[in-house]
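Letter by letter, the chains look like this.
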Amino acid sequence: MENIINQQEQVLMHTYNRYPVVLDHGEGVYLYDINGKKYLDFVSGIAVFALGYANGEYNNVLKEQLDKLIHTSNYFYSEPALAAAKKLVKATGMDRVFFTNSGTEAIEGAIKLARKYYYKKYGKADSEIIAMEHSFHGRSMGALSVTGTKKYRDAFEPLIGGAVFVPYNNINELKGRISDKTCAILIETVQGEGGIYPADPEYLKEVRQICDDKDIVLILDEIQCGMGRCGTMFAYEQYGITPDIVTTAKALGCGVPVGAFAAKESVANALEPGDHGTTYGGNPLATAAVSKVFDLFEQEQILSNVKVVGEYLQGKLLELKKDNNSIVTIRGKGMMLGLEFNIPVKDIIARALEKNLILISAGTKVIRFLPPLIIEKKHVDEMISIFKECIGMNGTNK
Ligand SMILES: *Cc1c(COP(=O)(O)O)cnc(C)c1O
């Protein structure tokens, strides 16, 4: 493994501090490295592998599509794109979708759509987008411009103009920054990278009302918290509201690179031929995956599993908190949970890896639990037992 790791560090740009593991294959909720060591995975490739690894039905659909047609360009129609779009429209409550290759591109598209909507209405291009502090929307210049972590942005200024940041879950600060130029408000329904912070129900309802009153486009970024992660297909369902634009990616393709932004008709029709495009986006391979993902979610009753086992996981984490005073709090919904410590969690994550458990942080003091949505209670028990050792609760803390 060391040999591969060293070689890879020579040829890839050093933008990540990677885990010292060379992965080989996966099965269900477990990953295996090239030496055959087995890991329990509570990250799922950052909320991607909702269906776990090596799902036979999913893989077969991709193999079949591979032999038929991978790519068409967007100048043609295809059956997988239609099937996927119909299912996504139904699941989101939106009217039209645009498929992208990533979450970042979904955000780019959402920003362009909101700006175009404003431009068509007022005939000028001076709009502003209000985004949240500690938000994360991606690394491209546009998505970075609305990402609320200054240290990610600083070296890359000047970014796109017209981005305004306000504290999350603070309605008065938000109201104070709304102007005639506000074209959109962009919110993660549950903040992911920022530390697993769900929106307050009252807050989100008020934001929806403000957007209705002032004809401002509400964009909800559900790239991480959507696709069943929080116990409903999209997290905003739990708030009794719908956005005007929703962005999705990560678990949308369960491993195939695909994202999308979907919008209500009144907003979506602002984009006209020539306004936006992509070579790969929504190709038959990616959309065959998306379409199958929706089918498998129903077939395997993923949402009810997230509710039941997610609650079980949350209960187990709460028990840990009772007996460990380095744990400050637990936040999140469904199987998107954050455990906040009063100490940096880097060492805990390293110890977990040594003990064959894959975990990830969100910031320096929060451990983020994003297991495959198919985990069972026994996997939670297995995780908790290893995790206890990692935080010095089972006697052994090495
Ligand atoms: C991961 C993520 C993105 C970026 O998606 P990519 O597929 O990495 O481009 C955007 N928004 C949120 C909330 C995310 O979690």
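Residues numbered from 1 in each chain as written. Predicted model: local features only at pLDDT ≥ 70, side-chain atom pairs only at ≥ 80, totals over all residues. Heavy atoms only, no water.

### Comments concerning the UniProt feature "binding site: pyridoxal 5'-phosphate" (unreviewed entry) in the chain
Basically, it comes down to this: UniProt positions are given in the numbering used here, feature names are shortened, and annotations may be inferred rather than shown by experiment. Here a helix means four or more residues in a row that DSSP labels H or I, a strand means two or more in a row labelled E, and each is numbered from the N terminus. We call two residues in contact when some of their heavy atoms are within 4.5 Å.
Those residues carrying the UniProt feature "binding site: pyridoxal 5'-phosphate" (unreviewed entry) are Gly103, Thr104, Phe136, Asp221, Glu222, Ile223, Gln224 and Thr279 in this numbering. Over a stretch of 177 residues, the named residues are scattered through the fold, their C-alpha atoms separated by up to 25.4 Å. Relative to the assigned elements, Gly103 resides in helix 5 (residues 103-122). Not counting chain neighbours up to four residues away, the residues in contact with Gly103 comprise Ile223 and Ala249.

### A look at the side chain of Thr278
Our working rule: Two N or O atoms form a polar contact when they lie within 3.5 Å of each other; inside protein one atom must be a possible hydrogen donor and the other a possible acceptor, and for residues adjacent in sequence the pair counts only when both atoms belong to side chains.
Assignment of secondary structure puts Thr278 in the loop between helix 10 (265-268) and helix 11 (284-299). Within polar-contact distance, the side chain of Thr278 engages the backbone nitrogen of Gly281 at 2.9 Å. Beyond its immediate stretch of four places on either side in the chain, Thr278 contacts Asn74, Phe98, Phe99 and Asn101.

### Things to note about the packing of helix 3 (residues 56-68) against helix 11
So the rule is basically this: For every element, the axis is a line fit to its C-alpha atoms; helices are fit only across the contacting stretch, and the angle between N-to-C directions ranges from 0 to 180 degrees. Each angle gets one of four labels, with under 35 degrees taken as roughly parallel, over 145 as roughly antiparallel, 65 to 115 as roughly perpendicular, and the rest as oblique. For any pair of crossing helices, the crossing counts as left-handed if the nearer helix is rotated counterclockwise from the farther one by less than a right angle, and right-handed if it is rotated clockwise. Three classes are used, and their members are as follows: Ala, Val, Leu, Ile, Met, Phe, Trp, Tyr, Cys and Pro are nonpolar, Asp, Glu, Lys and Arg are charged, and the others, Gly among them, are polar.
At a minimum axis separation of 9 Å, helix 3 and helix 11 run at an interaxial angle of 155°. For the element pair helix 3 / helix 11, the angle class is roughly antiparallel. Handedness of the crossing formed by helix 3 with helix 11: right-handed. Of the residues in helix 11, those touching helix 3 at Glu57, Tyr58, Val61, Leu62, Gln65 and Leu66 are Pro284, Leu285, Ala288, Ala289, Lys292, Val293, Leu296 and Gln299. Looking at the contact of helix 3 with helix 11 residue by residue, the class counts come to 10 nonpolar, 2 polar and 2 charged.

### Quick look at the UniProt feature "modified residue: N6-(pyridoxal phosphate)lysine" (unreviewed entry) in the chain
To be explicit about the condition: When a residue's accessible area, from a 1.4 Å probe over protein chains only, is under 20% of the maximum for its type it is buried; when over 50% it is exposed; and in between it is partly exposed.
The residues that UniProt annotates with the feature "modified residue: N6-(pyridoxal phosphate)lysine" (unreviewed entry) are Lys250. Since its relative accessible area comes to 22%, Lys250 is described here as partly exposed. Filtering out sequence-adjacent residues up to four positions away, Lys250 remains in contact with Ile46, Ala47, Val48, Ile223, Gln224 and Val258.

### Considerations on unusual backbone geometry
Glu157 connects to Pro158 through a cis peptide bond whose omega is 0°. By the element assignment, Pro158 lies in the loop between helix 7 (150-153) and strand 6 (163-166). Despite not being glycine, Asp215 has its phi angle at roughly 55°, a positive value. You can see Asp215 is positioned in the loop between helix 9 (201-214) and strand 10 (217-221). In this model, Cys254 sits at a positive phi of 50°, which is unusual for a non-glycine residue. Position of Cys254 among the secondary structure elements: in the loop between strand 11 (245-248) and strand 12 (259-263). Judged by its relative accessible area of 3%, Cys254 falls in the buried class.

### Some remarks on the site of the ligand
Our working definition: Think of it this way: one heavy atom of a residue within 4 Å of a molecule or strand is enough to make that residue near it. Surface accessibility follows the Shrake-Rupley procedure with a 1.4 Å probe radius. Residue values consider only the protein chains on display as shielding.
In the region of the ligand, the neighbouring residues are Ser102, Gly103, Thr104, Phe136, His137, Glu188, Asp221, Ile223, Gln224 and Lys250. The backbone of Gly103 places a nitrogen or oxygen atom 2.8 Å from an oxygen atom of the ligand. In the model, an oxygen atom of the ligand is placed 2.6 Å from a nitrogen or oxygen of the Lys250 side chain. Burial of the ligand by the protein chains amounts to 82% of its free accessible area of 380 Å². Classifying every residue of the shell around the ligand by side-chain character gives 2 nonpolar, 5 polar and 3 charged.

### Section: the sheet that holds strand 14 (residues 336-341)
What counts, and what does not: Pairing between strands requires that DSSP locate at least two bridges from one strand to the other.
A sheet is described by the order of its strands in space; here 4 strands give the open sequence 13-14-17-16, paired in antiparallel fashion. Taken across any chain shown, the strands that pair with only one partner, and hence form the sheet edges, are strand 13 (327-333) and strand 16 (360-361). Across 2 bridges, strand 16 lies against strand 17 (residues 366-369) in antiparallel orientation. Counted as the bridge partner of Ser361 is Ile367 from strand 17. Here helix 12 (residues 302-323) sits on the sheet and contacts strand 13, strand 14 and strand 17; the angle it forms with strand 13, its principal contact strand, is near 170°.

### A short note on the nonpolar core
For the record, the criterion: What is meant by a nonpolar core is a set of buried Ala, Val, Leu, Ile, Met, Phe, Trp, Tyr and Cys residues, joined one to another through side-chain atoms within 4.5 Å.
Leu174, Ile185, Ile187, Phe369 and Phe387 are the most contacted members of the largest nonpolar core, which has 84 residues in total. Of the residues forming this core, the biggest block, 8 residues, is contributed by helix 11. In contact with Leu174, other than residues within four places in its own chain, are Ile130, Met132, Val166, Ile185, Tyr203 and Val207. If you look at the next biggest cluster of nonpolar residues, it comprises 25 residues, including Val217, Ile223, Ala249 and Ala270.

### Notes on the pattern of salt bridges
As a reminder of what qualifies: Throughout this description, the term salt bridge denotes a Lys or Arg side-chain nitrogen within 4 Å of a carboxyl oxygen of Asp or Glu.
Applying the stated criterion across every chain yields a total of 16 salt bridges. Measuring nitrogen to oxygen at the nearest pair gives 2.8 Å for the salt bridge that ties Glu272 to Lys116. Of this pair, Glu272 sits in the loop between helix 10 and helix 11 while Lys116 sits in helix 5, and the two are 156 residues apart along the sequence. Asp215 is paired through a salt bridge with Lys121; the nearest N and O atoms lie 2.8 Å apart. With Asp215 in the loop between helix 9 and strand 10 and Lys121 in helix 5, this pair connects stretches of sequence that are 94 residues apart. With a relative accessible area of 32%, Asp215 lands in the partly exposed category. A cluster of three or more residues bridged by salt bridges with shared partners is formed by Arg208, Asp212, Asp244 and Lys264.

### What to know about helix 11
The test is simple: A helix is expected to span 1.5 Å multiplied by its residue count minus one.
An ideal rise of 1.5 Å per residue puts 22 Å on 16 residues; helix 11 measures up with 22 Å between its terminal C-alpha atoms. Of all 16 residues in helix 11, 13 are buried, a share of seventy percent or more. At the N-terminal boundary of helix 11, the capping side chain belongs to Asn283, with an oxygen 3.1 Å from the backbone nitrogen of Leu285. Where helix 11 terminates, the next one or two residues include Gln301, which has phi positive at roughly 45°.

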